[in-house]
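Now for the letters of each chain:
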Amino acid sequence: MLPNNSTQKVCRMSTCEPKDWDIPVSYTAQNTFNPIRNVVETMHIEENPQLEVIRLTVGDPTVFGNLPPSEECFRALCDAIKSGKNNGYKPAYGCKEARNAVAKYSSTPEYIVDAEDFVLASGCSGAIEIAMNALVDRGDNILIPRPGFSLYKCICGSRGIEARSYKLFPENGWEVDLDDMASLIDERTKLIVVVNPSNPCGSVYKREHLEEILNIAEKYRVPVLCDEVYAHVTFGKEPFHSMGSLTKNVPVLVVGGIAKRFLVPGWRIGWIVIHDRNDSFGFKIRQALRRLCQVIVGPCSVIQAALPTILSDCPTQFFEKTLNLMKKTSNIFYESLSLLPELYPVRSQGAMYMLIGIKVDRLHSVKDDVDFTQKLMAEQSVFVLPATCFQCPNFFRVVLTCPVEVARVACERIAQFCRDHRKNALTNGHMEHENGIYHVNGY
Ligand SMILES: *Cc1c(COP(=O)(O)O)cnc(C)c1O
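For every chain, the first residue of the written sequence is number 1, and numbering continues from 1 onward in sequence order. Per-residue local features are limited, in this predicted model, to residues with pLDDT of at least 70; the limit for side-chain atom pairs, both in listing and counting, is 80 or more; totals at the level of whole chains, interfaces and linings are taken over all residues. To obtain the side-chain values, all non-hydrogen atoms of the structure were used and water was disregarded.

### Let's talk about the overall build of the protein
Phase 1 of the analysis: Regarding its fold elements, the protein presents 15 helices and 16 strands.
Phase 2 of the analysis: Whereas a compact globule of 443 residues would reach a radius of gyration of roughly 22 Å, the protein reaches 25 Å, a difference of no more than 12%.
Phase 3 of the analysis: Each of the three principal axes of the protein carries a C-alpha extent, and together these read 100 × 70 × 50 Å.
Phase 4 of the analysis: Using a 1.4 Å probe on the protein chains alone, a residue whose accessible area is under 20% of its type maximum counts as buried, one over 50% counts as exposed, and one in between counts as partly exposed. When each of the 443 residues of the protein is scored for burial, the buried share is 53%.
Phase 5 of the analysis: Within the protein, contacts between residues separated by at least 24 positions form 73% of all contacts whose residues are at least 6 apart in sequence.
Phase 6 of the analysis: To be clear on the numbers: accessible area is Shrake-Rupley with a 1.4 Å probe, and residue cover counts the displayed protein chains and nothing else. Carbon and sulfur atoms provide 52% of the accessible area of the protein, an area that totals close to 21100 Å².
Phase 7 of the analysis: When charges are tallied, Lys and Arg are placed among the positive residues and Asp and Glu among the negative ones, while His and the ends of the chain are skipped. Think of each charge as sitting on NZ of Lys, CZ of Arg, CG of Asp or CD of Glu. Taking the 48 positively charged and 50 negatively charged side chains of the protein as two groups, their mean positions are separated by 4 Å. Every helix listed is a DSSP run of H or I at least four residues long, and every strand listed is a run of E at least two residues long, numbered separately from the N terminus. Radius of gyration here is computed from C-alpha atoms only, and the compact-globule reference equals 2.2 Å multiplied by the residue count raised to the power 0.38. Should any heavy atoms of two residues lie within 4.5 Å, those residues are counted as being in contact.

Written out as C-alpha cells, the structure reads:
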C-alpha cells in the first residue's frame, strides 16, 4: 500500500485542470541587455530605397570584405585542425604553449610578463567577464568611461553592479576628467575601467595621462582593468602604451585578444594579463581568475593551438595595410565633415572608430543624435550609430575599416543631409566656422 501523503498527491494531481506553463524569466536575464541593442531596437531604421545602404555601424572589420585575415593566421588554424591533436579539453585557463606565446607577445622592454601571469578566455569579452567576476560583487560599483564600450554596462546590469561613468573631454583627445573620476570613488568601488585605444572614441592616451590615472588608482587603492583589445591599433602620432608596462604600484588586469588587430573577431580568443608588482592581488586573485575559467572550460582548443603561430607569424605589412586604410578613412571623415558647420568630428588616432559631434541647434527637423541617425538613414541611406548608445548624446560613431571610396560617398551624403537640414540658409557665399571658412557655394 502507498503511504498516505503519496496517495493524496496522486489524487490532487488527477483532479486538477492542467494549468498553463508559467516559466518566469530570471532576474539575471531580465537585467541583461546591451545598451546598443536597447537604443537601436527602438529606432525607426528604414533606408531611402533610391540609394544603396552604407552601413558604418558595426564594429566588425570583416563586414566590408576588404580586410581578410592574413594567410599565416588562416594556415595556423587549418594546421591546428588537421593535426588531430586539438580535439580534447585543454586546461581551463589555457594551455601552456598558448600562454607562453601571449606572454612573449605582451612583453615590452619595460616589463617582461610570465606565462603564469595569464588566463585565456573566450574572446576579450569573456576575459572582461571573468575579470569582473573575480573582483566585483552585487552592490559594488565600478568606474567606466563615458562615452564607453557598452559591454561593461551590460555586465553590470546583469550582476547588480552599479556602473559609474566618468567624463572624457572630447576637446582634449577624449582624456579623462581626473577630478570627476576621483569624485566617483567610494568604499564600494572595486575597479577603474580604462579603454585604450578607445572604442568608441578612437583616442590613444599619452603615457603621462595613463600615469595620471594610475596615480588616482594608487591614491584610493582601487585596481585598474585596462581594455587593450586595440593594442597597437594606432595610426596617429601617439604610439600605444600598455598600462600593464607603466604600472609600478597599482595592481592592473589588462584584457586583450586577437579579434580586432588580427581581423578575426569570430575566432573568439582573448586573455587577462595579471600585473601585480607588489603582490597586492596576491595568490587569491590569481586563483580566483583560474577558478572562474572552469565555468566554460576555457576557449576553443583549436584556436589555442593556433595562437602561438598567429601571434608570431603574422607579418607587419598585414597590420600596416589596415592601419594605412584607417589613416586614410579617418582623414576623409575628419577633413570633409569639419567643413560642415553642423558637425564637429573629433580626430581619431586608433582603434577603428571616430566620433562626430552634432550641433543640433543648427539643424532643422533634427532633435538629437538618434533622430539624426534615423533621418540620415531615411534620406541618404547612411547608417551610423548614435552615441547615445555610449551615454554620449549628440555624437555619432562611424567605423573606419570601410573602403576609401565608401568613406568618400558616405561623407558626400552626410554633407548633403546637413545642407538639406541647414537652418537659415546662407546666401552670401561663405560663413565663419571654427575650422576656417566654410564655402557654401563650393558644394
Ligand atoms: C570588440 C571589443 C571587445 C571584445 O572583443 P572580443 O575578443 O571580440 O570579445 C572588448 N573591448 C572593446 C573595447 C571592444 O571594442
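### Topic: the sheet that holds strand 10 (residues 343-345)
Phase 1 of the analysis: Paired strands are those between which DSSP finds at least two bridges. Across the sheet, which stays open at both edges, the four strands sit in the order 10-11-14-13 with antiparallel pairing between neighbours. Two strands close off the open sheet at either side, each with one partner strand: strand 10 and strand 13 (385-386).
Phase 2 of the analysis: Looking at chain direction, strand 13 and strand 14 (residues 395-399) are connected through two bridges and run antiparallel. When the sheet's bridge partners are listed, Pro386 is paired in strand 14 with Phe396.
Phase 3 of the analysis: Only the stretch in contact is used when fitting a helix axis, every axis being a line fitted to C-alpha atoms; angles between N-to-C directions are given from 0 to 180 degrees. The strands touched by helix 13 (residues 316-338) within the sheet are strand 10, strand 11 (353-358) and strand 14, with strand 10 carrying the most contacts at an inclination of about 150°.

### Considering the nonpolar core
In globular proteins that are soluble, nonpolar side chains generally tend to be buried together.
Phase 1 of the analysis: Leu56, Met132, Val194, Val224, Ile258, Phe333 and Leu343 are the most contacted members of the largest nonpolar core, which has 142 residues in total.
Phase 2 of the analysis: It is helix 13 that contributes the most residues to this core, nine residues altogether.
Phase 3 of the analysis: Leave out the neighbours within four places in its chain, and Ile258 touches Leu263, Val264, Trp267, Ile269, Trp271, Ile303, Leu307, Ile310 and Leu311. In these notes, a set of buried Ala, Val, Leu, Ile, Met, Phe, Trp, Tyr and Cys residues joined through side-chain atoms within 4.5 Å is what counts as a nonpolar core.

### Re the site of the ligand
Phase 1 of the analysis: Note on definitions. A residue lies near a molecule or strand when any single heavy atom of the residue is within 4 Å of it. In the vicinity of the ligand there are 13 residues, among which Cys124, Ser125, Asp227, Tyr230 and Lys260 approach most closely.
Phase 2 of the analysis: In protein, a polar contact means a hydrogen-donor-capable atom and an acceptor-capable atom, both N or O and within 3.5 Å, with residues adjacent in sequence counting only if both atoms are side-chain atoms; elsewhere, any N or O pair within 3.5 Å suffices. Between Lys260 and the ligand, the recorded distance is 3.1 Å, taken from a side-chain N or O atom to an oxygen atom.
Phase 3 of the analysis: Burial of the ligand by the protein amounts to 94% of the accessible area it has alone, namely 390 Å².
Phase 4 of the analysis: At four residues, the largest contribution of residues to the shell around the ligand is made by helix 6 (residues 123-135).
Phase 5 of the analysis: Partitioned by chemical class, the residues of the shell around the ligand number seven nonpolar, three polar and three charged. Each residue is assigned to one of three groups, with Ala, Val, Leu, Ile, Met, Phe, Trp, Tyr, Cys and Pro labelled nonpolar, Asp, Glu, Lys and Arg labelled charged, and all others, Gly among them, labelled polar.

### Things to note about the pattern of salt bridges
Phase 1 of the analysis: Think of a salt bridge as a Lys or Arg side-chain nitrogen and an Asp or Glu carboxyl oxygen that are within 4 Å of each other. Within the structure shown, the criterion is met by 15 salt bridges.
Phase 2 of the analysis: Note that Arg99 and Glu116 form a salt bridge whose closest N and O atoms lie 3.5 Å from each other. Separated by 17 residues along the polypeptide, Arg99 in helix 5 (residues 96-106) and Glu116 in the loop between helix 5 and strand 2 (118-121) bring together distant segments of the chain.
Phase 3 of the analysis: Look at Glu116 and you get partly exposed, because its relative accessible area is 30%.
Phase 4 of the analysis: A salt bridge links Arg286 to Asp117, with the shortest nitrogen-to-oxygen separation between them at 2.9 Å. With a gap of 169 residues between them, Arg286 in helix 11 (residues 282-293) and Asp117 in the loop between helix 5 and strand 2 connect regions that are remote in the sequence.
Phase 5 of the analysis: The class of Arg286 is partly exposed, set by a relative accessible area of 21%.
Phase 6 of the analysis: You can call Asp117 buried: its relative accessible area is 9%.
Phase 7 of the analysis: The network of salt bridges with common partners includes Lys96, Arg99, Glu116 and Arg290.

### Topic: helix 5
Phase 1 of the analysis: Among all positions in helix 5, only Ala98, Arg99, Ala101, Val102 and Ala103 are buried.
Phase 2 of the analysis: Elements that come into contact with the buried residues of helix 5 comprise strand 2, strand 9 (270-275) and helix 12 (301-313).

### Focus on the domain arrangement of the protein
Phase 1 of the analysis: The split into domains, and so the bounds of each, comes from an automatic or database assignment of domains. As far as domains go, the protein holds domain 1 (33-65 + 317-424) and domain 2 (71-313).
Phase 2 of the analysis: Computed from C-alpha coordinates alone, the two centres of domain 1 and domain 2 are separated by 28 Å.
Phase 3 of the analysis: Counting from both sides, the interface comprises 31 residues of domain 1 and, opposite them, 28 residues of domain 2.
Phase 4 of the analysis: Buried area is calculated as the accessible area (1.4 Å probe) missing from two parts once they are joined, with the contributions of both summed. Here domain 1 and domain 2 share an interface that buries about 2600 Å² over both sides, 68% of which is from carbon and sulfur atoms.
Phase 5 of the analysis: At the junction of domain 1 and domain 2, the tally comes to zero salt bridges.
Phase 6 of the analysis: Our enumeration of links across domain 1 and domain 2 arrives at 10 residue pairs in polar contact (both at pLDDT 80 or more).
Phase 7 of the analysis: Of all the secondary-structure elements, those providing two or more residues to the side of domain 1 that touches domain 2 are helix 3 (35-41), helix 13, strand 11 and strand 14.
Phase 8 of the analysis: Top contributing element to the side of domain 1 that touches domain 2 by residue count: helix 13, with seven residues.
Phase 9 of the analysis: Tallied by class, the residues present in the side of domain 1 that touches domain 2 amount to 19 nonpolar, nine polar and three charged.

### Describing the sheet that holds strand 3 (residues 141-146)
Phase 1 of the analysis: The eight strands are arranged 2-9-8-7-6-3-4-5 in an open sheet whose pairing can be described as mixed. Taken across any chain shown, the strands that pair with only one partner, and hence form the sheet edges, are strand 2 and strand 5 (175-176).
Phase 2 of the analysis: In the sheet, strand 8 (residues 252-257) pairs with strand 9 via six bridges, with the strands oriented antiparallel. Each bridged residue has a counterpart across the sheet, and for Val252 the counterpart in strand 9 is His275.
Phase 3 of the analysis: Against the sheet, helix 5 touches strand 2 and strand 9, its axis set at about 110° to strand 2.

### Quick word on the packing of aromatic side chains
Aromatic rings considered in pairs are described by the distance between their centres and by the relative angle of their planes.
Phase 1 of the analysis: The pairing test for Phe, Tyr and Trp rings, Trp by its six-membered ring, is centres within 6.5 Å, and the orientation test on the planes gives stacked under 30 degrees, edge-to-face over 60, and tilted for anything in between. Counting across every chain of the model gives 10 aromatic pairs.
Phase 2 of the analysis: A centroid spacing of 6.1 Å and a plane angle of 55° characterise the contact between Tyr105 and Phe262, whose relative ring orientation is tilted. Note that Tyr105 is positioned in helix 5 and Phe262 in the loop between strand 8 and strand 9, a separation of 157 residues in sequence.
Phase 3 of the analysis: What makes Phe262 buried here is its relative accessible area of 0%.
Phase 4 of the analysis: Centroid distance Tyr230 to Tyr353: 5.9 Å. Interplanar angle 85°. Geometry classified as edge-to-face.

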